[in-house]
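Descriptive structure summary
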Amino acid sequence: MNDTSPKNDGRASFSRRRFIAGTGSLLGAAALAGPIPSAWATARTAAAPIASGSRVPALVIGTGYGGCVAALRLAQAGTDVHMAEMGMAWDTPGSDGKIFANTTRPDDRSFWLRTRTKQPLSNFLGFPLDRNVNRYTGILDAEEFGGITVYQGRGVGGGSLVNGGMAVTPRRENFGAILPTVDAEEMYSTYYPRANSGLGVTTIDPAWFEEADCYQYARVGRKHAQRAGFPFLFVPAVYDWDYMKREAAGTVPRSALDGEILYGNNHGKKSLQKTYIDRIRATGRVTISPLHKVTTVTPAPDGGYTVLIDQLDTTGRTTATKTVTADKVFFAAGSVGTSKLLVGLKATGALPLLNDEVGRGWGDNGNVMCGRANHLWDPTGKLQASIPTGGIDNWDAGGAFAEVAPLPTGIETWASFYLSITKNPHRARFTWNAAAGRAELDWQTAWKQPSIDAAKTIFDRINRKEGTIYRSDLFGVHKIWGDHLTYHPLGGAVLDKATDNYGRLHGHPGLYVIDGALIPGNTSVNPFVTITALAERNIERIIATDL
């Protein structure tokens, strides 16, 4: 390990040796296991997809947070809506009786069209954790660009299927730096409350938190933060806490207490499937086509837009290409998906009047991860709930907010793990590579250094106070920082630049952006509540003025 803290005493060294001796063979065996047979080809619902030649009043591209808000509010206003989703429906159990795979046992369901997993935490005790799988339209896309891997949810529900559920509203004093052209008063009085209500956001019972074995890791994280002089904040989440209590009591199937998070959660998490999408279906005005990928949007001769959509099978192969006409189109394919699509449509002449701001202002929300090796007397627990409940706030002084995250391995690790959101100033741009026929991102690996520096303002201080060190076996050989990824892509079609101040794309009336592409690169906290609240604001104005 790379020890950047003062030397530890003998008790700390003993705790690490005992940990390594006790767990190396177990995790090594799991890491070196062979490919898993494909058993999921029937694990999807046979839906009635949109027919070629259809005309729809509103087409929503994507079923994540912004897309679901748009579809629900349009339907409630009397507009028929169709949603095209590139991923699967995720509503039918596979051969193991479960819809989603376990985080510690990835299989074909886990990754989008890969033949080998690409797990964010890629190593443990010198053993690589990735394994071979069969190519399948799985739930988590590890999309690789030059300098960064972007993790995104694939399926009906988008990122809500795979995120940690931390539903954080930014501090109001930070909002002006997040969305400078948006009225903070209306966001905090109307749209953030509306988003939190719609998402089912609640906070853990503090008394239960203090006694629950599954949150020992978070209590250790709190103790270390407070002893180093940092505030520990309880943060809301979209989990059914009563269900988690029953998980702990053994009266219901385990979900968060079985490590389920990264590849979906089978029971307790309130993903969009259980909140906005339930209400969307109840309107009777919205249809959804899973495994449908929009490739082209062009002005239609008789008004509206002609949209080409590829229908996919579970190997990613195109089985049909459909032509649909939409009066209005809402881009909600996520920051990366929307940005890539718009950049391509402009460069190829399909939507030539889009302005030069399309593709710009993309950021990673300052994501960086790290782990710390604790002393023997600070065990973090064999049983760890996969839903984080708290964070360390050093935004004002050091530019970092750090989630105290789980390591749900089922064994004692004596380790604390963190995902930091940092004030990283770098912004990348999507451009079109005509020769390759694809959009590319110009992110540079070195741009993560401000995030590392910001995170170190927290963890260097904790390590000095505790006499502990960083883990260097989680992201590669002798690599302390998980600086190769983001879970929180933002920007690429920035509000009031690529669009007007409500998401209308310049140059092409009837085209809108309604997702995280509108937010220029950083929200200071986990972004999905802000994405939802902004969508609620924008769609309310669009319905009032454009329909």
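Presented here is a report on the structure given in the accompanying data block.

Analysis parameters
- Residues numbered from 1 in each chain as written.
- Predicted model: local features only at pLDDT ≥ 70, side-chain atom pairs only at ≥ 80, totals over all residues.
- Heavy atoms only, no water.
- Helix = DSSP H or I, 4+ residues; strand = E, 2+ residues; numbered from the N terminus.
- Rg over C-alpha atoms; globule rule 2.2 N^0.38 Å.
- Buried < 20%, exposed > 50% of the residue type's maximum accessible area, 1.4 Å probe, protein only.
- Contact = heavy atoms within 4.5 Å.
- Areas by Shrake-Rupley, 256 points an atom, 1.4 Å probe, with all protein chains shown as cover.
- Core = buried A, V, L, I, M, F, W, Y, C linked by side-chain atoms within 4.5 Å.
- Polar contact = N/O pair within 3.5 Å; in protein donor to acceptor, adjacent residues only side chain to side chain.
- Pairing = 2+ DSSP bridges.
- Salt bridge = Lys/Arg side-chain N within 4 Å of Asp/Glu carboxyl O.
- Axes fitted to C-alpha atoms, helices over the stretch in contact; angles between N-to-C directions.
- Parallel < 35°, antiparallel > 145°, perpendicular 65-115°, else oblique.
- Nonpolar A, V, L, I, M, F, W, Y, C, P; charged D, E, K, R; others polar.

1. So, the overall build of the protein
On a plain count of helices and strands, the protein comes out with 12 helices and 20 strands. Relative to the globule expectation of 24 Å for 547 residues, the C-alpha radius of gyration of the protein, 23 Å, shows essentially globular dimensions. Taking the principal axes of the C-alpha coordinates as reference, the protein spans close to 80 × 50 × 50 Å. Taking all 547 residues of the protein together, the buried fraction comes to 61%. Here the contacts in the protein between residues at least 6 apart in sequence split such that 73% fall between residues at least 24 apart. When the accessible area of the protein is evaluated, it comes to approximately 19400 Å², of which 52% is carbon and sulfur surface.

2. Concerning the environment of C370
Mapped onto the elements of the fold, C370 is located in strand 12 (residues 368-373). Since its relative accessible area comes to 1%, C370 is described here as buried. The sequence separation of C370 and W241 amounts to 129 residues, and the corresponding C-alpha distance is 27 Å. Beyond its immediate stretch of four places on either side in the chain, C370 contacts S416, F417, Y418, F459, Y470, F475, I480 and W481.

3. Re the nonpolar core
Grouped together as the largest cluster of nonpolar side chains are 87 residues, with contacts concentrated most on V297, F330 and F331. Here this core takes 9 residues from helix 12 (residues 528-546), the largest share from any one element. Non-local contacts of F330, meaning those with residues more than four positions away in its chain, are made with A58, L59, V60, I61, A70, L74, Y512, I514, I539 and I542.

4. What to know about the side chain of N265
Within the secondary structure layout, N265 lies in the loop between helix 7 (241-249) and helix 8 (276-283). We classify N265 as buried; its relative accessible area is 7%. Separated by 2.8 Å, the side chains of N265 and S255 make a polar contact. Polar contacts involving the side chain of N265 include one to the main-chain amide nitrogen of G268, which spans 3.1 Å. For N265, the residues in contact, after removing those within four places along its chain, are F100, L161, Y239, S255, A256 and E260.

5. A closer look at the pairing of strand 13 (residues 390-394)
The buried count for strand 13 comes to 5 of 5 residues, which makes it a mostly enclosed element. Neither face of strand 13 is left uncovered, since the one carrying G390, I392 and N394 and the one carrying G391 and D393 both have all their residues buried. Direction of pairing for strand 13 relative to strand 14 (residues 400-405): antiparallel, over a ladder of 4 bridges. By the bridge assignment for strand 14, I392 is matched with A402.

6. Let's talk about the pattern of salt bridges
Tallied over the entire structure, the rule returns 32 salt bridges. Here R55 makes a salt bridge to D302, at a shortest N to O gap of 3.3 Å. Separated by 247 residues along the polypeptide, R55 in strand 1 (residues 55-61) and D302 in the loop between strand 9 (292-299) and strand 10 (305-312) bring together distant segments of the chain. According to the relative accessible area criterion, D302 is exposed, its value standing at 60%. One salt bridge connects R154 with E143, and the closest N-O pair in it is separated by 3.9 Å. Pair noted here: R154 is in the loop between strand 6 (148-153) and helix 3 (175-178) and E143 is in strand 5 (residues 140-145), with a separation of 11 residues, a long-range link. For R154, a relative accessible area of 9% corresponds to the buried category. Each member of the salt-bridge network shares a partner with another, and the members are D141, E143, R154 and K340.

7. Focus: the sheet that holds strand 18 (residues 469-470)
With antiparallel pairing, the 6 strands of this open sheet are ordered in space as 7-13-14-15-12-18. Looking at strand neighbours, the two that pair on one side only are strand 7 (232-234) and strand 18, the edges of this open sheet. Together, strand 12, strand 13, strand 14, strand 15 (415-422) and strand 18 form the strand contacts of helix 11 (residues 449-466), whose direction differs from that of strand 12 by roughly 10°.

8. Some words on the sheet that holds strand 5
Spatially, 3 strands are ordered 5-6-19 in an open sheet, and the strand pairing comes out mixed. Edge positions in the sheet fall to strand 5 and strand 19 (485-486), since each of these pairs with one other strand and no more. As defined by bridge partners, strand 6 adjoins strand 19 across 2 bridges and the pair is classed as parallel. Looking at strand 19, one finds that V150 is bridged to T486. Sitting on the sheet, helix 9 (residues 334-347) is in contact with strand 5 and strand 6, with an inclination near 50° to strand 5.

9. A short note on the packing of helix 6 (residues 216-227) against helix 11
Between helix 6 and helix 11, the shortest axis-to-axis distance is 9 Å and the interhelical angle comes to 90°. Our classification of the angle between helix 6 and helix 11 gives roughly perpendicular. Contacts from H224, A225 and R227 in helix 6 reach I462, K465 and E466 in helix 11. Partitioned by chemical class, the residues of the contact of helix 6 with helix 11 number 2 nonpolar, 1 polar and 3 charged.

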